[in-house]
Amino acid sequence: MTIRTRFAPSPTGHVHIGNIRAAIYNWLFARHEGGKFLLRVEDTDRERSTDEAIHTLLEAMEWLGLSHDEEPLYQSTRQAAHLAVAEELLSKGFAYKEDKGGTGRGDAVVFNMPGKDMSFHDEIKGDLSKASADMKDFVIVRSNGTPVFHLANVVDDVHMGITHVIRGDDHVENTYRHLALYQAIGAETPKFAHLPMITNAQGKPYSKRDGDAYVGEFREAGFLPDALFNYLALLGWSPGDDREVLSRNEMVELFTLDRVQSSAAQMDRAKLEWMNGQHMALLPLEERAIRCREVMEKRGLWRDDISEEYFLKVIELLGDRIKFFSDIADESAFFFTEDYEYEEKAARKRLRKEGALEGMRLLRDRFAELEEFTASGLEEVLRGLAEENEWNPGVLIHPVRVAVSGKAGGPGLFEMLQVIGKERVLSRMDKAVVRFSE
């Protein structure tokens, strides 16, 4: 049997991360099993399912690399098939007509639940059941002649040959209705897997009120598609070990439904930003440099006298400290100008501390004697001076960092000094000594 999964969104103009995570799981499962991943656009709500909304949906899927294996099925083209099945159910006594719209004609078609307890095995939640007394008959065709979601969903899944329905656990109650429809139609029942919801810090469903909630917003914020894909895949699923940063191929190889958790998964923006930094660092250095330069040019920070070699060294040194391309402006300004600001708190703590400037004068002279200005040589000199004076190396490390960059934190100090270069480092140390001696 060839595994066939589907993503069946109702396009509304925005693509929520909960919905796209369902698409990711369907895609991963199909790819892992060597099956097919299909797309069905449930566009029967013509007021909301505009061409623009559908374009937004397809664009989000393309950006995330969620390629589908067959032409998309647009549900609006299938109404005749849905209504034909409704007529068949009426003729076989599985449905009846009832007046739901006050017309007096009994136009609505209502499905007749079988009146027995129902159960099914969920691939994530395990065995589930529901008493017959808790399941009422339900409308499958409205009084205006349009099919309801339940009927269209089942009929189209049968038509597409879907073997596994992987969707959010807000559909568990619907599944009992759908099982009854499958049985009445005489179609083979697919396997069901219901995904845990994505929640906020309070354990409530994650929504726009909690921050960015749509794929387009994360894209505009500068997240990489691979990072968002990776993060959402892990938001409810585990590869079985401690790995978190995974490639598409690794996730495809490792993905199984039995490793999807049944409890809710909490959205963590900080973790997603960390993940983005990890994926940024995996990009080819040249690609990172091009994108960072674009940001600097847009902000008027780029100068033509910045050499490509120097810029690549800076980008490489910053590594995963650049979590977004836009970070280049804040994280690296001191690499490209002598007119940088000192963080007030850092300067007060590190440069105005008793003895800090005297230690930096001594270190500056030692640095000046170096013929090769390398990270290893700089570290050896600094630690040697500290040892001679029985100082903790931090007595020198912290003031030098603030003097040369204006910041309390950053990339490795000695590597940073090597990249900036001897003349500029000595000049900056001199400037700091003069300024903070006042």
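You'll find the structure just up there.
Values in this document were obtained by computation on a predicted structure and should not be read as measured data. (Residues numbered from 1 in each chain as written. Predicted model: local features only at pLDDT ≥ 70, side-chain atom pairs only at ≥ 80, totals over all residues. Heavy atoms only, no water.)

J.: Before we move on, could you go through a nonpolar patch on the surface and cite the residues and values that matter?
T.: Where nonpolar side chains cluster on the molecular surface, the patch consists of Leu 362, Trp 391 and Val 395 and spans about 220 Å² of accessible area. The topology assignment puts Val 395 in helix H16 (residues 394-405). (Patch = residues over 30% accessible without salt bridge, like charges linked within 9 Å, V, L, I, M, F, W, Y side chains within 5 Å. Areas by Shrake-Rupley, 256 points an atom, 1.4 Å probe, with all protein chains shown as cover. Salt bridge = Lys/Arg side-chain N within 4 Å of Asp/Glu carboxyl O. Helix = DSSP H or I, 4+ residues; strand = E, 2+ residues; numbered from the N terminus.)

J.: Before we move on, can you summarise the sheet that holds strand E1 (residues 4-7) with the specific residues and values?
T.: Read from one edge of the open sheet, three strands run E1-E2-E3, paired in parallel fashion. Either end of the sheet is taken by a strand with one partner, and the two such strands are E1 and strand E3 (73-74). As paired elements, strand E2 (residues 36-41) and E3 share two bridges and run parallel to each other. Bridged to Val 41 within E3 is Tyr 74. Contacting E1 and E2, helix H1 (residues 17-32) crosses the sheet at an angle of about 165° to E1. (Pairing = 2+ DSSP bridges. Contact = heavy atoms within 4.5 Å. Axes fitted to C-alpha atoms, helices over the stretch in contact; angles between N-to-C directions.)

J.: Kindly report on unusual backbone geometry, identifying the contributing residues and their values.
T.: In most cases, non-glycine residues show a negative phi, while peptide bonds are predominantly trans. Non-glycine residue Glu 390 carries a positive phi angle of around 55°. Within the secondary structure, Glu 390 is located in the loop between helix H15 (375-388) and H16.

J.: A description of the packing of aromatic side chains should follow, citing residues and the corresponding values.
T.: Inspection of the entire model under this criterion finds 16 aromatic pairs. Both rings, one in Tyr 310 and one in Phe 336, keep their centres 6.0 Å apart while their planes meet at 90°; by these two values the pair is edge-to-face. You can see Tyr 310 sitting in helix H11 (residues 308-318) and its partner Phe 336 sitting in helix H12 (residues 328-336), a full 26 residues away along the chain. Like Phe 336, Tyr 310 is buried. Geometrically, the ring pair formed by Phe 311 and Phe 336 is tilted, given 5.7 Å between the ring centres and 45° between the ring planes. Of this pair, Phe 311 sits in helix H11 while Phe 336 sits in helix H12, and the two are 25 residues apart along the sequence. By relative accessible area, Phe 311 is classed as buried at 3%. You can call Phe 336 buried: its relative accessible area is 5%. By way of ring pairs, the aromatic residues Trp 302, Tyr 310, Phe 311, Phe 334, Phe 335 and Phe 336 are connected into one cluster. Between Arg 177 and the ring centre of Phe 138, over which it is positioned, the NZ or CZ distance is 5.7 Å. (Phe/Tyr/Trp six-rings, centres within 6.5 Å; stacked < 30°, edge-to-face > 60°. Buried < 20%, exposed > 50% of the residue type's maximum accessible area, 1.4 Å probe, protein only. Lys NZ or Arg CZ within 6 Å of the ring centre and 35° of its normal.)

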